[in-house]
Amino acid sequence: MDAGIFFVLTGALIVAAIARWRGWPAPLLVTVVALAASFVPFVPNLEIDGHLLLTFVLPPLLYSAALDVSFISFARSLPQIRRLGVGLVLVTTLVVGLVAWWILPSLTLPGALLLGAIVAPPDAVSAAAIGRKLGLPRRVMTVLSGESLINDATSLTLYRVFASIVLGVTVSLGEGIGQFAVAVVLGVVIGLVFGIVIHQLRLRIADPVVIGTFGLLVPFGAYAIAEHVGGSGVLAVVAMGLFVGFNSPSTSYTTRQQEVPLWLSADFLLESFVFAYIGLQFPRVISDLGDESVVHVMLLSGAVLLAVLLVRPAFIYPAEVWGRFWQQVRLRRFDRRLQSGRVQARLDHGRPLRKSQMSAEQLRGRMIAPALTGKDNAVISWAGMRGVVTLATALAAASLDGLDRGAGHAIVVVAYVVTLGTLLLQGLTLPWLIRVLGVVADSEHEEDRRQLVAVRARSREAGREYLDQRRSEWVAEHGQGSAARFDAFEARLLKMETDADRAQASTDGAEPAHPTYAELEELSRGWLRVRREVLRQERDAGKLNEEVMRELIAAMDAEELSLDTRGALRLPGRA
C-alpha cells in the first residue's frame, strides 16, 4: 500500500504540474486523468479509512485557506457566508434526506439524513482555482472561500448527530441544537487559544524553520483536541488560521516569506492526492454493487445529484433578498442610535481609542455586506463542487454498525457520484458561465489603484517624518559632517534604490564617529517598520483592502530581504 500511495501521488503531482503549466484547473484535470487511469489493470487500488483521510488532509487544507482569507472581508461578508455555510447545508441535508428516503426506504430516515449531511458541503478548491484564473471579483471569491471554511463544521456536526441516531442513540431537536452550539463555541475558543499561542511564538522566535514546522503541526493539534472535547475541529482550525493570518503583518518578514511557498506546496500535494483518489476509486466503488441493487442505487445517485444542483440556486436567490432586507433593518436601527447620540457616546467614552479607531460612518460601512449582483449569485450557485469532506465522511459512514452493508455501500456510491458529477459537470462549465456572464473584477481593480495611490502617499509621508526625526539624532551622534551622508542615504531610500553598490557611498576613514553599515541598516529597517505600521492602521480603519495591504507588505518584505542579502556580503563595520 505504501508503494501504491507513492506512485499515485507522483502521478497526481505530474498531472497537476502540467495543469499549472498550461493554465488549466488542476483539480479537474487530476480527477479526469485518475478516472481514466482507474481502468488500467496495474494502477494501484488504494483503500484509506475515512476518519484517517479527514484527520490528516482536512486540517492543513483548512488552515492554509484561512491564512489566505482576509479577515475583514470575511467579517463583512459574514451574513452571506453564514447563510451558505449553515443555512444552505441544513436545507440541502433535509431535501436530500427526504429524496433519498423516498427512493430507497431501506436507508431509513436517519440514514437518509446522514447521507444528506455527507453530500451537503461544497469544496471551494476547484471553484477558487477557476475564479483566480478568470479574475472573479473579490466579493465573490470571499463568499466562496468563507463558505467552504464553515460549511464543513455544519456538515460534520450534523453527521455526528445523525450517526448517533443510526447507532440507536435518542437525540431530540433541542439536544441536536445544543450539540451544534457547543461545537461552535468550543471550536472557536480552542482555535483562538491556539492562534494566540502560535502568534506569540511567531513574534518571539526568529527562526523561520522552527516557526514553519510549528505551523505545519498546530492544525492537527487544534483539530484533534477540539474534536476530542466535543467541539468542532473545523472551526478550531479556521479560527486559528484567521487569527494568525490577520496578525501576520506584525511578525518578521522571514516568517512570511517562508510560509507562503510552504503552504502552497502543502496544498498542491494534498489536493493532488485527494482528487486523484476520487478519480481512482469511483469505478471500483461502482463495481462492488450487486446486480440486484445497482439500478436502485444509481437512480438514487442521479436523484441526489440533481437535488444538490437545484437546491443551491433555489436557496441562494431568496436568501440574498432576505439578507438585503435584514441589512436595511439593521442599518435603520444603527441610524436611529446614531441620531440619538448613543453611538458617538460609545465611541467617545468607551475604551481608549487607537490611532486607527473607526468613526461612526466607517462603523456603519462595516455593517454593509458587499452587494452581490444577480450574475454574481449565478456563479456562486453553480460553484457547488464537492470534495474531500464528502468523500471522507462517506467512507467513515460505511463502517457504522447501525447501517447494514447494502445501505453503507449505497451511501458511498452516492457520495462518489455526487462528488465526481459536480466536479466534472460544474467544474467544466463554470469557466464558460463566468465568461458568458462577464463576471470580472474591473471595478475592484480601479478601487485597488485608488487605494494604492492614497496609501503610498501616506506611507511616503510617514517614512519622511521618521527620517526627519532620525536626522537630528544622527547629526548629534555622528557630527554635522555626516548630514550630507544621511541626506544621500535618505534620497536612495525614498527612491527605493536598494542595490548594494549604489547604497554604498564614499567614506572618510579619518572621521572618528563614522556610522557603520549596521546603523544604516537599522535606519532602513525603521523606515520600513513605520511604513508597515501605516498599512496596518489604514487596514484597521477600513481605508485599505486587506488583500491590497498584503501585496504591499510582500513588496516591503522583499526590500527587507535585500537588506539581509546585502548585509551578509559585507565586512563588519564597513558602510
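Residues numbered from 1 in each chain as written. Predicted model: local features only at pLDDT ≥ 70, side-chain atom pairs only at ≥ 80, totals over all residues. Heavy atoms only, no water.

## Some words on the overall build of the protein
- When helices and strands are tallied, the protein shows 23 helices and zero strands.
- Scored against the burial criterion, the 575 residues of the protein give a buried share of 51%.
- Of the roughly 26700 Å² that the protein leaves accessible, carbon and sulfur atoms contribute 64%. (Helix = DSSP H or I, 4+ residues; strand = E, 2+ residues; numbered from the N terminus. Buried < 20%, exposed > 50% of the residue type's maximum accessible area, 1.4 Å probe, protein only. Areas by Shrake-Rupley, 256 points an atom, 1.4 Å probe, with all protein chains shown as cover.)

## Concerning the pattern of salt bridges
- This model, assessed by the stated rule, comprises 18 salt bridges.
- For Arg139, the salt bridge identified is with Asp376, shortest N-O distance 2.7 Å. Of this pair, Arg139 sits in helix H8 (residues 138–166) while Asp376 sits in helix H16 (residues 374–382), placing them 237 residues apart in sequence. Across this residue pair, the class does not change: Arg139 and Asp376 are buried.
- Between Glu560 and Arg525 there is a salt bridge, with the nearest N and O atoms lying 2.8 Å from each other. Placement of the pair is Glu560 in helix H23 (residues 546–568) and Arg525 in helix H22 (residues 517–540), with a sequence separation of 35 residues.
- A relative accessible area of 11% places Glu560 in the buried class. (Salt bridge = Lys/Arg side-chain N within 4 Å of Asp/Glu carboxyl O.)

## Considering the environment of Gly212
- With respect to the secondary-structure elements, Gly212 resides in helix H10 (residues 208–228).
- Separated by 46 residues in sequence, Gly212 and Gln258 place their C-alpha atoms 7.3 Å apart.

## Examining the nonpolar core
- Ranked by internal contacts, the top residues of the largest apolar core, which has 129 residues, are Leu53, Leu58, Leu114, Ile118, Val304, Ile411 and Leu430.
- Here the element with the most residues in this core is helix H18 (residues 405–437); it accounts for 15 residues.
- Ignoring any residue separated from it by four or fewer positions in sequence, one finds Leu114 in contact with Tyr159, Phe162, Ala163, Val166, Ala397, Leu400, Leu403 and Ile411.
- Of all hydrophobic cores here, the second largest spans 20 residues; its members include Leu452, Tyr466, Leu552 and Ile553. (Core = buried A, V, L, I, M, F, W, Y, C linked by side-chain atoms within 4.5 Å. Contact = heavy atoms within 4.5 Å.)

## Overview of the environment of Ile286
- Along the chain, Ile286 turns up in helix H12 (residues 253–287).
- Taking relative accessible area as the criterion, Ile286 reaches 22% and is therefore assigned partly exposed.
- Along the chain, Ile286 and Tyr416 lie 130 residues apart, while their C-alpha atoms are 9.1 Å from each other.
- In this structure, Ile286 is in contact with Met298 and Val413, ignoring residues within four places of it in sequence.

## A look at unusual backbone geometry
- Phi is positive for Thr108, which is not a glycine, with a value near 70°.
- Counting through the fold element by element, Thr108 comes out in the loop between helix H5 (78–103) and helix H6 (109–119).

## Some thoughts on H18
- For H18, which comprises 33 residues, the first-to-last C-alpha distance of 46 Å matches the rise-based estimate of 48 Å (1.5 Å per residue) to within 8%.
- Along its length, H18 shows its largest kink, about 35°, at Leu430, and proline Pro431 lies within four residues downstream of that point.
- The N-cap of H18, judged by a side-chain oxygen 3.0 Å from the amide nitrogen of Gly406 a few residues on, is Asp404.
- Backbone geometry just after H18 places Gly438 at a positive phi near 70°. (Expected span 1.5 Å × (residues − 1). Bend = angle between axes of the 7 residues up to and from the residue. Polar contact = N/O pair within 3.5 Å; in protein donor to acceptor, adjacent residues only side chain to side chain.)

## A few points about the confidence of the model for the protein
- For the protein, per-residue confidence averages 84 on the pLDDT scale, and residues scoring 70 or more make up 88% of the total.
- Throughout residues 497–512 the model reports pLDDT below 50, and contacts reaching past four residues in sequence, or to other chains, amount to 22 contacts.
- Confidence drops under a pLDDT of 50 for residues 568–575, and excluding neighbours within four residues, the segment shows 15 contacts in the predicted structure. (pLDDT = per-residue confidence, 0-100.)

## A word on the side chain of Glu259
- Looking at where Glu259 falls in the secondary structure, it is placed in helix H12.
- According to the relative accessible area criterion, Glu259 is buried, its value standing at 15%.
- Here the side chain of Glu259 touches Arg202 through a polar contact of 2.7 Å, side chain to side chain.

## A word on the packing of H6 against H8
- Following both chains from N to C, one finds H6 and H8 inclined at 165°, their axes separated by 9 Å at the closest point. With respect to H8, the element H6 is oriented roughly antiparallel. For the element pair H6 and H8, the recorded crossing hand is left-handed. Between H6 and H8, the residues in contact are Pro110, Gly111, Leu113, Leu114, Ala117 and Ile118 and Ser155, Leu158, Tyr159, Phe162, Ala163, Ile165 and Val166, respectively. (Axes fitted to C-alpha atoms, helices over the stretch in contact; angles between N-to-C directions. Parallel < 35°, antiparallel > 145°, perpendicular 65-115°, else oblique. Left-handed = near helix turned anticlockwise from the far one by under 90°.)

## Looking at the packing of helix H3 (residues 50–68) against H12
- Orientation of H3 relative to H12, taken along the N-to-C sense of each, is 135°, at an axis distance of 10 Å. The angle between H3 and H12 places the two elements in the oblique class. Helix-helix and strand crossings are classified by hand; for H3 and H12 the assignment is left-handed. Residue-level inspection shows Leu53, Phe56, Val57, Pro60, Leu61, Tyr63, Ser64 and Leu67 of H3 in contact with H12, the latter providing Trp263, Asp267, Leu270, Glu271, Phe273, Val274 and Tyr277.
- In terms of residue class, the contact of H3 with H12 is built from twelve nonpolar, one polar and two charged. (Nonpolar A, V, L, I, M, F, W, Y, C, P; charged D, E, K, R; others polar.)

## As for a nonpolar patch on the surface
- Taken together, Ile14, Ile18, Trp21 and Trp24 make up a surface patch of nonpolar side chains, about 490 Å² in accessible area.
- Assignment of secondary structure puts Trp21 in helix H1 (residues 2–22). (Patch = residues over 30% accessible without salt bridge, like charges linked within 9 Å, V, L, I, M, F, W, Y side chains within 5 Å.)

## Points about the environment of Pro219
- Along the polypeptide, Pro219 turns up in helix H10.
- Taking the C-alpha atoms as reference, Pro219 lies 9.6 Å from Phe56; in sequence the two are 163 residues apart.
- Here Pro219 is in contact with Pro59, Pro60, Tyr63, Val237, Met240 and Trp263, once residues within four sequence places are set aside.

## What about the side chain of Ser232?
- Its location among the elements puts Ser232 in the loop between H10 and helix H11 (233–246).
- By relative accessible area, Ser232 is classed as buried at 3%.
- Those residues in contact with Ser232 that sit more than four places away from it in its chain are Ala153, Ala183, Gly187, Ala226 and Glu227.

## Observations concerning the packing of aromatic side chains
- On inspection of all chains with the given rule, the structure shows eight aromatic pairs.
- With a centroid separation of 5.3 Å and an interplanar angle of 65°, the aromatic rings of Tyr63 and Trp263 are classed as edge-to-face. With Tyr63 in helix H3 and Trp263 in helix H12, this pair connects stretches of sequence that are 200 residues apart. The same class applies to Tyr63 as to Trp263, namely buried.
- A ring pair is formed by Phe71 and Phe246, whose centres lie 5.5 Å apart and whose planes are at 70°; its orientation type is edge-to-face. A residue pair is termed long-range when its members are at least 10 positions apart, and Phe71 in helix H4 (residues 71–76) and Phe246 in helix H11 qualify at 175 residues. (Phe/Tyr/Trp six-rings, centres within 6.5 Å; stacked < 30°, edge-to-face > 60°.)

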